[in-house]
Amino acid sequence: MIMQKLLMRAVLLTLVLTSHVAQADVKIQEITSPGGIKAWLSEETSIPFVALELRFKGGASMDRPGKRGAVNLMTALLVEGTGDMDARDFAAASEAIAAQFSYDVGGDTLSISARFLTEKTEESMALLRGSILAPNFPQDAIDRVRAQVLSGLASDTTDPNAKARARFNEVIYGDHPYGSVLDGTVETVSALTREDIQNAHRDTLVKDRLYVSAAGDISAEELGVLLDKLLGDLPLSERPLPDHVQIETTAGIEVVEFDTPQSVAIFGHKGITRHDPDFFPAYVLNEILGSGGFEARLMHEVREKRGLTYGIYSYLSPRDYAEGYFGSFSSANDRIAQAIEVVKEEWTKAAENGVTEEELEAAKTYLTGAYALRFDSNAAIARIMVGMQQDDLTPEYINTRNANIEAVTMEDIRRTAARILRPDELYFVVVGHPEGLMTQ
Amino acid sequence: MTTRITSWLAGAATLAILATPLTAAQDNVSSFVLDNGLELVVIEDHRAPVVVHMVWYRAGAADEAPGVSGIAHFLEHLMFKGTDTLAPGEFSKTVAANGGSDNAFTSFDYTAYFQTVAADRLDLMMQMEADRMVNLQLAEHEVLTERDVILEERNQRTENDPGALNREQQTAALYMNHPYGVPIIGWRHEMEQLDRQDALNFYEEFYAPNNAIVIVAGDVNPDEALALAQDNYGMLPANADLAPRERVSEPPQLAERRMTFTDPRVAQPYVVRTYLAPERDSGAQRQAAALQLFAELLGGGQTAALPQALQFDTQVAVYSSAFYRGLSLDDTSFGLVVVPAEGVSLTEAEDAMDAAVAAYLDAGVDEAHLERIKFQLKAAQIYERDNVSSMARRYGAALTSGLTLDDIEAWPEILQSITPEEIIAAGRRVVNRKASVTSYLQGADSAEVSQ
C-alpha cells in the first residue's frame, strides 16, 4: 500500500528532459524523489543492471583541525560492518548477490559508486544503506585499517611521484586542506579515535551536500523510492564547508633531493573557475598546449621532437575552493633541466602568441567529435551525469557544449592565453637528483 | 595520461586477478576469415553510434630474437612514425581530426593497435591500419628520438619503482629458458642498442594479414564490417614465410629460487612467491579454470582465505592476496603476496603465508564461498556487456594466446562446472616449491629479516 502511494508521487514529480547529443542519444531525466532527493537518471533497459553514483560535497576537506586523515580512514571503514554484520559478513553478503560497491574520497567529494543486478536491487540497496547510514566502526577494524593507511603513508615517503604531489600541494595551497595529504600524517592517523571517525562520518555524509545519478535498468519511479529508502535518513550538515583559497606563486624551481634515476616534475600557477566566461577558450587552449594527445604542443616539443619524456600534459584544475593550472612529466636526471626549459619556452610562446588557426580548427574538430564517444556505457553516463551536477550544469549542457567549443575564436584564445598563462608565476617542484638544476 | 602503453603481466605485489568470464553466445559475436588469412571478429553493441577498431598481431615480446629485447614494444611506438603516404604523427592526427582517439599496447604474446571513433569512420580507420600493416617508412632520426622515449618509459615504469624492478628480477628467475623471463619493455642495455633495422626485421617477420586479427566492436553490422574489411585488408598479400609459433619450453625445474632485493627506496617491505603454472590451452581449460578459482578463494577480497588468516584471525599482514593469469600462450605463473604488519619479519610473513595455504588445501574448499564466486562470475558477464571495448580486448587477448572462439565461448560454463576436488588438486599441483621463486623486497635498513 505504502509502496503504491510512493510510486504515484514519484511519477508526478518526475520532470523529463531529453538531451540529444551530437550523435549519442542520451536521455536524462531529472527526478525528485517523494522525499525530496534530486537525481539524474538515464534509463537503459537492455542490460539488467544499474550503475548508481553518489557524491558528497566536502570530502576529505571536512577533516577537523588536528584530525587530518579522519575522513579518509572513515571512508575505508564503511565496509567494515553494519548492524549485526562484521566486515566479513558484509563482504560475503555483497559477493553473494554480486553487488559491487566502491568508496573513495578526494579533496572535494566523498564518492560512492554501486553496480548491482536489477534482480538484486532490494538486497543491494539494503547493504549499501547499512554501510552509509549505520556503519559500526568497531575498534578492531579501525586498528586494522589504520595499519593499512600507515603502511601506505610509509610507502609514499619514498615514492617520487607522491613526494612531488605532496610538496607541490603544500606550496600551492598552504594551510588550506588541499595543501596537505588527505591520508593524514603518521602522527594524526595514529592518534585518531573512534569518536573522531564518528565525527568524520557525521560531518561528511549529509543529505544537503549530496549529488546522485543512475544509469541502467531502473525507472524514475523505482529510483525515487529507492533513493528515499537508501538516503532519506541522512542528517543535514552542521559544519561549514572549507573557505576558498587564492593561489599565489612566483616563477621558480624547487628541487627536492631524492636518489632515483628519473626526476618527477609538477608545475603550475593559478587558473580560472569552471564558470568563468573564458572557460571554453581556456579549455580549448589547453587542449592545444598540453592535453597529452600527440598533437599537443608540450607532447610534441618535449617527447616527439626531443625524446625527453614518455608523457607530459597540463590541465585546468577548477576545484571547489581553488583554481589552478597545472602540469607534470618525468625525465631522466640528466635531461630534466632541458625539459623544463622547453616547457617554460612553450608557456611563454603561447602566452604571447596564442595558437595558430590550424591548431584551433584541429582542436575544435577533435573536441566536438570526441564528446559523443564518452557516452558509451551506463557506467560512463552515470559518472558524467554526477560530474555535471557537481559542476552546477544542467542536462541542457550536453546540447550546448559543442556549440560553445565551436564559438571559440582566435581572438578569444589570444585574450585568454595572455590572461591565464603566467610565465612569471610558473613554479616547478622537482623530485629526484636533477643535474644542473638547483632551487631558484 | 600517457599513451602507447605497454601492458604488463599482473603486478605481482599489487594485483589480484579478477575473474573475467567470456561468453561468445551472449556477446553477439560473428567471425570471418579473409582469403589472405586475416581474421575478423565483430562484436555488436548498438547502444551508442561508436566503434572500437582493433588490429591484433600474433607477435609480442616473447617472439623477439635473443639480443633485441624490447623490439616488439619499440616497433609499436614506431608504427606511428609514418608510411609511404602518411607523415610521422599523421596517423594519430587523422584519428583526432575525426574526433577519435587511438593508442596501442604490447604484451608477451601480442601487439595491438586500436581506435575509438564514430561508427561512420570505420572505413577510414581500416584504410589506415591496412596501410601501416605493409607500408611502414622509418626515418633514422625518428627512430633515435623514439628510442629516447622508450628509455624514459622504462625509467618511469621500472627504474623509478623498486617494486617493478623486483618483479622484473623475479620473473627472470622464474623462467629459466622461456622468453617470458625477458621484460616486455626490454633490458635497458639492449634497448639502448635497438635500431631501425631491428624494428624493420620484426615488422617484416610478423606484420602481415595472416598473422593479424581485426576486431570491430560497437555499432556495426557483421556484413558491413566484412565488406569494409575485404575492401581495405583483402588485397594485402599474406606472408608465405610466416613460421609456426613455436617457442622454447622450460626444462624440469628442480630447485626453488630465492632472492632478496634491497633498495633504500623501499619503505614497506613485502614477500612475493610465484610458481610456474599451466595456462588456458585450447580444448583443455579445466585446470586453468580451477587455478583461477583457487586464486579467488585464496586472495579475492575480504572473505578470501589469506586475508582471513593473516589480516583478520591474526594480524600478521596489512595486505595479502593471490593472483593468476590464465590467458597466456605458454606456461604462466600463480602468485602469492604478503605485506607484513609492523614488527613482523618477512620470514615470519612467508611462514604464515605457507601455513595458511597448506591449511586451506587440507581443509578443502569452502563451498559457500565457491558458490558466491561462481555467482559473481555470472554477474560479471552481465556487467561486462556494458563495456564493449573491454570485451574486444578480452577476445583479442584470448585469440592471440592460442585460444579459439569456441574456447572463449566454453569458458564461463567451464568455470561454473569446476568442482572443489578439482580446485584442491590443481592447487596442490601448482604450489610446488621446486618450480617457484620467492622474493623479499626490502629497504636498506631491514637486511636482518632476510637472513
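Residues numbered from 1 in each chain as written. Chains lettered and ligands numbered in written order. Predicted model: local features only at pLDDT ≥ 70, side-chain atom pairs only at ≥ 80, totals over all residues.

### With respect to the overall build of chain A
Definition in use: For helices the rule is a DSSP run of H or I covering at least 4 residues; for strands it is a run of E covering at least 2, with both sets numbered from the N terminus onward. In this setup the radius of gyration rests on C-alpha atoms only. A globule is expected at 2.2 Å times the number of residues raised to 0.38.
Broken down by element type, chain A carries 16 helices and 14 strands. A compact globule built from 440 residues should have a C-alpha radius of gyration of about 22 Å, and chain A, at 24 Å, falls within 12% of that. Counting only C-alpha atoms, chain A reaches 75 × 50 × 35 Å along its principal axes.

### Considering the overall build of chain B
Put simply, the test is: Exposure in this text rests on C-beta crowding, where 20 or more other C-beta atoms within 10 Å of a residue's own make it buried, 12 or fewer make it exposed, and counts in between make it partly exposed. The C-beta atoms are placed from the backbone. Whether two residues are in contact depends on their C-beta atoms, placed from the backbone: they are in contact if these lie within 7 Å.
Helices and strands together make up the secondary structure of chain B, namely 15 helices and twelve strands. A globule of 451 residues ought to have a C-alpha radius of gyration of about 22 Å, and chain B, at 23 Å, matches this closely. Seen through its C-alpha atoms, chain B measures out along the principal axes to roughly 65 × 45 × 40 Å. When each of the 451 residues of chain B is scored for burial, the buried share is 58%. Contacts in chain B between residues at least 24 apart in sequence constitute 83% of all its contacts with a sequence separation of at least 6.

### Some details on the interface of chain A and chain B
The condition is simple: Each residue is assigned to one of three groups, with Ala, Val, Leu, Ile, Met, Phe, Trp, Tyr, Cys and Pro labelled nonpolar, Asp, Glu, Lys and Arg labelled charged, and all others, Gly among them, labelled polar.
With 57 residues of chain A at the interface, the matching set in chain B holds 53 residues. Listing elements by their share of the side of chain A that touches chain B, those giving two or more residues are α3 (87-96), β8 (109-117), α5 (139-156), α11 (297-304), β13 (323-332), α13 (357-371) and α14 (378-390) of chain A. Partitioning the side of chain A that touches chain B into residue classes produces 25 nonpolar, 21 polar and eleven charged.

### Quick word on the pairing of strand β12 (residues 312-318) of chain A
Residue and element names in this part refer to chain A. The line we're drawing: Here, any two strands with at least 2 DSSP bridges between them count as paired.
Bridge count between β12 and β13: seven bridges; the pairing is antiparallel. Directly across from Tyr315, in β13, lies its bridge partner Phe326. Here β12 hands over to β13 after four residues, the two strands then running antiparallel side by side.

### Observations concerning α11 of chain A
Restricting attention to buried positions, one finds in α11 of chain A the residues Arg297, Leu298, Met299, Val302 and Arg303 of chain A. Of the surrounding elements, those touching the buried residues of α11 of chain A are α10 (279-290), β12, β13 and α12 (336-353) of chain A together with α4 (140-159) of chain B.

### As for the sheet that holds strand β11 (residues 332-340) of chain B
All names here are of chain B. Under the convention used in this document: Every axis corresponds to a line fitted to the C-alpha atoms, with the helix fit spanning only the stretch in contact, and the corresponding angles, defined between N-to-C directions, vary from 0 to 180 degrees.
Strand order across the open sheet formed by five strands is β8-β12-β9-β11-β10, with mixed pairing between neighbours. Every other strand in the sheet has two partners, leaving β8 (257-262) and β10 (317-324) as the edge strands with one partner each. With direction set aside, neighbouring strand axes in the sheet form an average angle of 15 degrees. In the sheet, β10 pairs with β11 via seven bridges, with the strands oriented antiparallel.

### Observations regarding the pairing of strand β14 (residues 427-432) of chain A
Residue and element names in this part refer to chain A. Where burial is concerned, most of β14 is hidden: six out of the six residues are buried. Residues Tyr427, Val429 and Val431 point to one face of β14 and Phe428, Val430 and Gly432 to the other, with burial holding for every one of them. Where strand β10 (residues 252-257) meets β14, six bridges bridge the pair, whose relative direction is parallel. In the strand pairing of β14, Glu257 is matched with Gly432.

### Details of the confidence of the model for chain A
Which entries qualify depends on this criterion: A score from 0 to 100, pLDDT tells how confident the predictor is in each residue.
When the pLDDT values of chain A are averaged, the result is 93; 94% of them are 70 or greater. Residue range residues 1-23 of chain A is modelled with pLDDT below 50. Its contacts to residues more than four positions away, or to other chains, number 44 contacts.

### Brief notes about the sheet that holds β10 of chain A
The five strands are arranged β10-β14-β11-β13-β12 (chain A) in an open sheet whose pairing can be described as mixed. Of all the strands in the sheet, the pair left with one neighbour each is β10 and β12 of chain A. Sheet twist, expressed as the mean angle between neighbouring strand axes with direction ignored, is 20 degrees. Pairing of strand β11 (residues 262-270) of chain A with β14 of chain A involves five bridges; the strand directions are antiparallel. Its bridge partner lying in β14 of chain A, Phe267 of chain A is registered against Phe428 of chain A. In the packing of α4 of chain B onto the sheet, contacts are made with β11 and β13 of chain A, and the angle to β13 of chain A comes to roughly 100 degrees.

### As for the packing of α10 of chain A against helix α16 (residues 410-420) of chain A
All names here are of chain A. The following threshold applies: Here the word oblique covers every angle except those under 35 degrees (roughly parallel), over 145 (roughly antiparallel) and from 65 to 115 (roughly perpendicular).
Viewed as axis vectors pointing N to C, α10 and α16 meet at an angle of 85 degrees, and their least axial separation amounts to 9 Å. In terms of orientation, α10 lies roughly perpendicular with respect to α16. Together, Pro281, Ala282, Val284 and Leu285 of α10 and Asp412, Ile413, Thr416, Ala417 and Ile420 of α16 make up the contact between the two elements. Looking at the contact of α10 with α16, its residues break down into seven nonpolar, one polar and one charged.

### Quick look at the environment of Pro434 of chain A
All names here are of chain A. When you line up the elements, Pro434 lands in the segment after β14. Given 25 C-beta atoms within a 10 Å radius, Pro434 is considered buried. For the pair Pro434 and Gly106, spaced 328 residues apart in the sequence, the C-alpha separation amounts to 31 Å.

### Considerations on unusual backbone geometry
Residues and elements named next belong to chain A. Within the chain, Ala98 stands out as a residue other than glycine whose phi angle is a positive 55 degrees. Residue placement: Ala98 occurs in the loop between α3 and β7 (100-105). At Phe137, a position not held by glycine, the phi torsion is positive, near 50 degrees. With 20 C-beta atoms packed within 10 Å, Phe137 lands in the buried category.

### Here's the deal with helix α15 (residues 420-430) of chain B
Residue and element names in this part refer to chain B. This is how it is decided: This arc corresponds to the set of directions leading from the helix axis out to the C-beta atoms.
Among all positions of α15, only Ile423, Ala426, Gly427 and Val430 are buried. One side of α15 carries all its buried residues, which in axial view fall inside an arc of 100 degrees. Of the exposed residues in α15, those oriented more than 90 degrees away from the buried face are Glu421 and Arg428. Turning to α15, the residues buried within the fold contact β9 (270-277), α9 (286-299), β11 and α11 (346-363).

### Points about the environment of Glu425 of chain A
Residues and elements named next belong to chain A. Relative to the elements of secondary structure, Glu425 occurs in the loop between α16 and β14. Its 16 C-beta neighbours within 10 Å are what place Glu425 among the partly exposed residues. Beyond its immediate chain neighbours, meaning those up to four positions away, Glu425 contacts Thr249, Thr250, Ala251, His269 and Lys270.

### Structural notes on the environment of Asp334 of chain A
Residues and elements named next belong to chain A. With respect to the helices and strands, Asp334 occurs in the loop between β13 and α12. On the basis of neighbour count, Asp334 is assigned to the partly exposed category, with 13 C-beta atoms found within 10 Å. Between the C-alpha atoms of Asp334 and Pro434, which are 100 residues apart in sequence, the distance is 6.2 Å.

### Observations regarding the confidence of the model for chain B
Residues and elements named next belong to chain B. Chain-level statistics for chain B give a pLDDT mean of 92 and a share of 92% at 70 or above. Throughout residues 1-25 the model reports pLDDT below 50, and contacts reaching past four residues in sequence, or to other chains, amount to 75 contacts. A low-confidence stretch, residues 447-451 stays under pLDDT 50, and its non-local contacts, those more than four residues away or across chains, total ten contacts. Across the whole predicted complex the pTM is 0.91, and at the interface the ipTM reaches 0.89.

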